[in-house]
Amino acid sequence: MVQGRDLPWLLSQWSQREPDKVFLIWSSAGCEDRQWTYKQFDDAVKRLAAGLEAQGIKQGQRLLLHMDNSPEFLLTYFACAYLGIVAVITNTRSVARELAGNIRLTEVVGAVTQTHLLSAIDEADPTLPLVIVSEGDSDCDNFLELGSSQQKRLAFNALLEYPAITTRRQPDPHCDLRVQFTSGTTSEPKAVLSTHANALFAAQQTAQGYGLTADDICQVFVPLFHTNGLSTLVTSTLWVGGTVLLQRKFSASHFWPPAIKYRATWSCLPGAF
């Protein structure tokens, strides 16, 4: 049954039931570890949603997420879901030509990216009206001044300063949630549209198939721009009220220390990554 349920419903009900339980741990090489409880993460999502809404982005419009694994990726994904904005999630290894094609096809109204990926956005489409940039762990002082006069550029953290949004749309499981692109192994990558119902069903079935419980801690280093990382790992963990241990990418030297420190119980280890 998905009636009356969507992705924000799933996050909200855990925020209410287990507000002090840790939902997200960020532990990646070269970064300081950070943690968010379910309540803290839900509050941050609502602040970011308010910031996005203030930029005039409306339900049903599409926003590009061109980001490597990071807390900001997940916050943006859930904030879009909260507002009914469709997240268009692209492979950060795409060349500018591929990225430009993704942008044209999905007709996004703006992009959320990171400083080290900003040049790819600029090359793919310098006419995007809105670009939100997360500095992450990079040091870039002038990214706001690099855009054209027709482009509005904002720092990601500035959107987190908005008061948390207090109202949201009625849950609609059939509302469009995200667009992801296939790998393109047999032809050009194809845009795959998923609804909230698709995401919840996949989370439920994965959790049941793997026998996940609220005590599980999932170590995620595979790309969130791939459905394996975002759906199979993160959303199924959220379904059972577990904890996500997020890393930017696989590192042989930085896999076991956080796994042992935080007592990760499962992960996904595809050779391709």
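Look up a bit, the structure's there.
Analysis parameters
- Residues numbered from 1 in each chain as written.
- Predicted model: local features only at pLDDT ≥ 70, side-chain atom pairs only at ≥ 80, totals over all residues.
- Heavy atoms only, no water.
- Core = buried A, V, L, I, M, F, W, Y, C linked by side-chain atoms within 4.5 Å.
- Buried < 20%, exposed > 50% of the residue type's maximum accessible area, 1.4 Å probe, protein only.
- Helix = DSSP H or I, 4+ residues; strand = E, 2+ residues; numbered from the N terminus.
- Contact = heavy atoms within 4.5 Å.
- Pairing = 2+ DSSP bridges.
- Axes fitted to C-alpha atoms, helices over the stretch in contact; angles between N-to-C directions.
- Salt bridge = Lys/Arg side-chain N within 4 Å of Asp/Glu carboxyl O.

S.K.: Can you walk me through the nonpolar core in this structure?
M.R.: For soluble globular proteins, the rule of thumb is that nonpolar side chains tend to be buried together. Of all hydrophobic cores here, the largest spans 65 residues; its most connected members are Phe41, Leu52, Leu74, Tyr77, Val220 and Leu238. Ranked by residues supplied to this core, first place goes to helix α3 (residues 71-83) with 10 residues. Dropping the residues within four chain positions of it, Leu52 is found in contact with Ile57, Leu63, Ala79, Cys80, Leu83, Ile132 and Leu159. Of all hydrophobic cores here, the second largest spans 17 residues; its members include Val88, Ala111, Ala120 and Val133.

S.K.: Before we go on, may I ask you to explain the sheet that holds strand β11 (residues 243-246) in this structure?
M.R.: The strands making up a sheet associate through backbone hydrogen bonding, with each pair oriented either parallel or antiparallel. What the five strands build is an open sheet, ordered β2-β1-β11-β10-β12; its pairing is mixed. With one partner strand each, in any of the chains shown, β2 (34-37) and β12 (266-267) form the two edges of the open sheet. Here strand β10 (residues 217-220) runs beside β12; their pairing, made up of two bridges, is parallel. Bridged to Cys218 within β12 is Trp266. Contacting β1 (22-26) and β2, helix α2 (residues 38-54) runs over the sheet at an angle of about 90° to β2.

S.K.: Would you mind going over unusual backbone geometry with me for this structure?
M.R.: Both trends apply: most residues other than glycine have a negative phi, and most peptide bonds are in trans. Residue Glu107 is not a glycine yet carries a positive backbone phi of 55°. Checked against the element boundaries, Glu107 lands in the loop between α4 (96-106) and β5 (111-114). With a phi close to 60°, Arg263 is a non-glycine residue in the positive phi region. Within the fold, Arg263 resides in the loop between α9 (256-261) and β12.

S.K.: For this particular structure, what's the right way to read the pattern of salt bridges?
M.R.: For side chains of opposite charge, pairing can occur when their charged atoms come near one another. Applying the stated criterion across every chain, the model contains eight salt bridges. Linking Arg62 and Glu107 is a salt bridge whose minimum nitrogen-to-oxygen distance equals 3.7 Å. Here the residue Arg62 occupies a position in strand β3 (residues 62-66), and Glu107 occupies one in the loop between α4 and β5, the gap between them amounting to 45 residues. Arg62 gets classed as partly exposed once you look at its relative accessible area, which sits at 27%. Where salt bridges share partners, they join Asp6, Arg168 and Arg169 into one cluster.

S.K.: Got a minute to help me understand the sheet that holds strand β6 (residues 130-134) in this structure?
M.R.: One open sheet holds the seven strands; their spatial order is β7-β6-β5-β3-β4-β8-β9, and the pairing between them is mixed. Looking at the sheet topology across the chains shown, the edges are occupied by β7 (152-155) and β9 (191-195). In this sheet, adjacent strand axes meet at a mean angle of 20° when their direction is disregarded. For β5 and β6, the ladder comprises four bridges, and the chain directions are parallel. By the bridge assignment for β6, Thr113 is matched with Val133. With respect to the sheet, helix α8 (residues 227-240) is in contact with β4 (86-89) and β8 (176-181), its orientation differing from that of β8 by roughly 135°.

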